[in-house]
Amino acid sequence: MPDLAGPTDPPTSYGYLGPAGTFTHQALLGLGLTSTEPRPYPSVPAALHAVRSGEVDAVLVPIENSVEGGVSATLDALTYGAPLVITREAVIDVQFDLYVRPGTRLEDVGQVITHPHAAAQCRGWLDAHLPAATVTERGSTAGAAVTVADPDSGYDAAICAPVAGRSQGLVAAAEAIADNPDAQTRFVLVSRPGELPPRTGRDKTTLVCFMRRDRSGALLEILDQFASRGVNLCRIESRPTRTTLGSYCFSIDAEGHLDDARLAEAVMGLHRICQAVVFLGSYTRADEVAPTVAAGHADDDYAEAVAWLASLRRSTR
Ligand SMILES: O=C(O)C(=O)C[C@]1(C(=O)O)C=C[C@@H](O)C=C1
């Protein structure tokens, strides 16, 4: 399990799911971090390995899409292996175009290549406009553009962002092809464990809970740790534990910071009832929305309750 000891210096070198031109790259540039030139990595596991090994201080990776849900490669690579923590998040709008080599017409496109999440978000358009096309998955949308730029690649078109297509000398054969024009992807900046980002009152905490054993009510008991402390969840999804078929853990984003009494109490409750809890960080929410704190769940309420209990123990001895 990750331990939080040993503060590290503030990150100075960054990596991201590359190559240049991915949505991840655009999100990283949007964070306005000052550093040496960020390094692209070909996959999420490769990017996270680079942080674990100390090659870079932090990497930005996609974690959740408003249409396709959690990015499994990220959820799993964060959960297993040497401890890592999320220190920041970013959310950007994602829209896709179909990029081809100059001279290729839309009706000539038979082989399309892109990231699996991008393919899923353009499924309706592909069915309607290129029903006979074969779609091949690539590690990123910008990597797909690099592939299509090579006339000997065997691929006719990449689904990617304009910045990625244009940088490879490609041209748009179709624009805004995503089935949902309002899609957004959420990215997280991941570091080795160090000091927690300070509590702002507009925070989120990410955890993975492993149940002791599969039994009725186990998930309810996990949820109750949050519900009974007035902690709202932003995301919960099950992922296979990679042991036996039917064995799942729960990946959770909860509103609040580990320094909030209600969230701390919920996490301690999880520690008591779960086989293991992987703490993946407390960090400021990208939307900077403050949670509504239900009556009885503010820090003062928890402190007052602790003082009250102490007074009872004193008076009954
Ligand atoms: O391939 C990219 O451009 C990425 O940044 C990856 C990614 C993803 O993993 O979800 C990011 C946003 C889009 O939803 C499609 C792909």
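Residues numbered from 1 in each chain as written. Predicted model: local features only at pLDDT ≥ 70, side-chain atom pairs only at ≥ 80, totals over all residues. Heavy atoms only, no water.

**A short note on the overall build of the protein chain**
We count it as follows: Runs of H or I in DSSP of at least four residues are treated as helices and runs of E of at least two as strands, each being numbered from the N terminus. Exposure is judged per residue with a 1.4 Å probe applied to protein chains only, and the accessible area is read against the type maximum: over 50% gives exposed, under 20% gives buried, and values in between give partly exposed. Residue contacts are counted whenever heavy atoms from the two residues lie within 4.5 Å of one another. Computed by Shrake-Rupley with a 1.4 Å probe, the accessible areas treat only the displayed protein chains as cover when residues are assessed.
Along its length, the protein chain carries 10 helices and 15 strands. When its C-alpha atoms are laid out on the principal axes, the protein chain stretches across 90 × 45 × 35 Å. Sorting the 317 residues of the protein chain into buried and exposed places 46% on the buried side. Of the contacts formed within the protein chain by residues at least 6 apart in sequence, a portion of 77% connects residues at least 24 apart. Carbon and sulfur atoms provide 52% of the accessible area of the protein chain, an area that totals close to 15000 Å².

**What about the packing of aromatic side chains?**
Here a ring pair, both rings aromatic, is described through the centre-centre distance and the interplanar angle of the planes. Here is the rule: The criterion for an aromatic pair is that two Phe, Tyr or Trp rings (for Trp, the six-membered ring) have centres within 6.5 Å, with stacked assigned to planes under 30 degrees apart, edge-to-face to planes over 60 apart and tilted to the rest.
One pass over the full model with this rule turns up 2 aromatic pairs. Taken together, a centroid distance of 5.2 Å and an interplanar angle of 80° make the contact between Phe 23 and Phe 96 edge-to-face. Within this pair, whereas Phe 23 is found in helix H1 (residues 23-30), its partner Phe 96 is found in the loop between strand E5 (85-93) and strand E6 (97-100), the two being separated by 73 residues in sequence. The same class applies to Phe 23 as to Phe 96, namely buried. With a centroid separation of 6.2 Å and an interplanar angle of 75°, the aromatic rings of Tyr 80 and Phe 210 are classed as edge-to-face. Residue Tyr 80 is located in the loop between helix H3 (72-79) and E5, and its partner Phe 210 is located in strand E12 (residues 203-211); the two are separated by 130 residues in the primary sequence. What makes Phe 210 buried here is its relative accessible area of 13%.

**With respect to the nonpolar core**
Heads up, the condition is: What we call a nonpolar core is a set of buried Ala, Val, Leu, Ile, Met, Phe, Trp, Tyr and Cys residues that are connected through their side-chain atoms within 4.5 Å. For the domain bounds, the source is a domain assignment made automatically or taken from a database.
Judged by nonpolar contacts, the single largest core of 30 residues is most densely connected at Phe 96, Leu 98, Val 112, Leu 130, Ile 159 and Ile 177. Of all elements in the fold, only strand E1 (14-17), H1, strand E3 (58-65), E6, helix H5 (123-129), strand E9 (157-160) and strand E11 (184-191) reach the threshold of two or more residues within this core. Considering each element in turn, this core owes the most residues, 3 residues, to H1. Of the residues that make up this core, three or more belong to each of domain 1 (9-93 + 184-194) and domain 2 (97-174). Residues contacting Ile 177, with those up to four places away along its chain left out, are Gln 95, Phe 96, Asp 97, Leu 98, Cys 122, Trp 125 and Ile 159.

**A word on the domain arrangement of the protein chain**
The extent of an interface is frequently quoted as the accessible surface area lost upon association of the parts. Once the domains are mapped, the protein chain shows domain 1 (9-93 + 184-194), domain 2 (97-174) and domain 3 (196-317). The centre of domain 2, based on its C-alpha atoms, is set 43 Å off from the matching centre of domain 3.

**Quick look at the UniProt feature "domain: ACT" (unreviewed entry) in the protein chain**
Let me state the cut-off plainly: UniProt positions are given in the numbering used here, feature names are shortened, and annotations may be inferred rather than shown by experiment.
According to UniProt, the "domain: ACT" (unreviewed entry) feature falls on residues 207-285. Secondary structure across residues 207-285 divides into 29% helix and 41% strand, with the first and last C-alpha atoms of the span separated by 15 Å.

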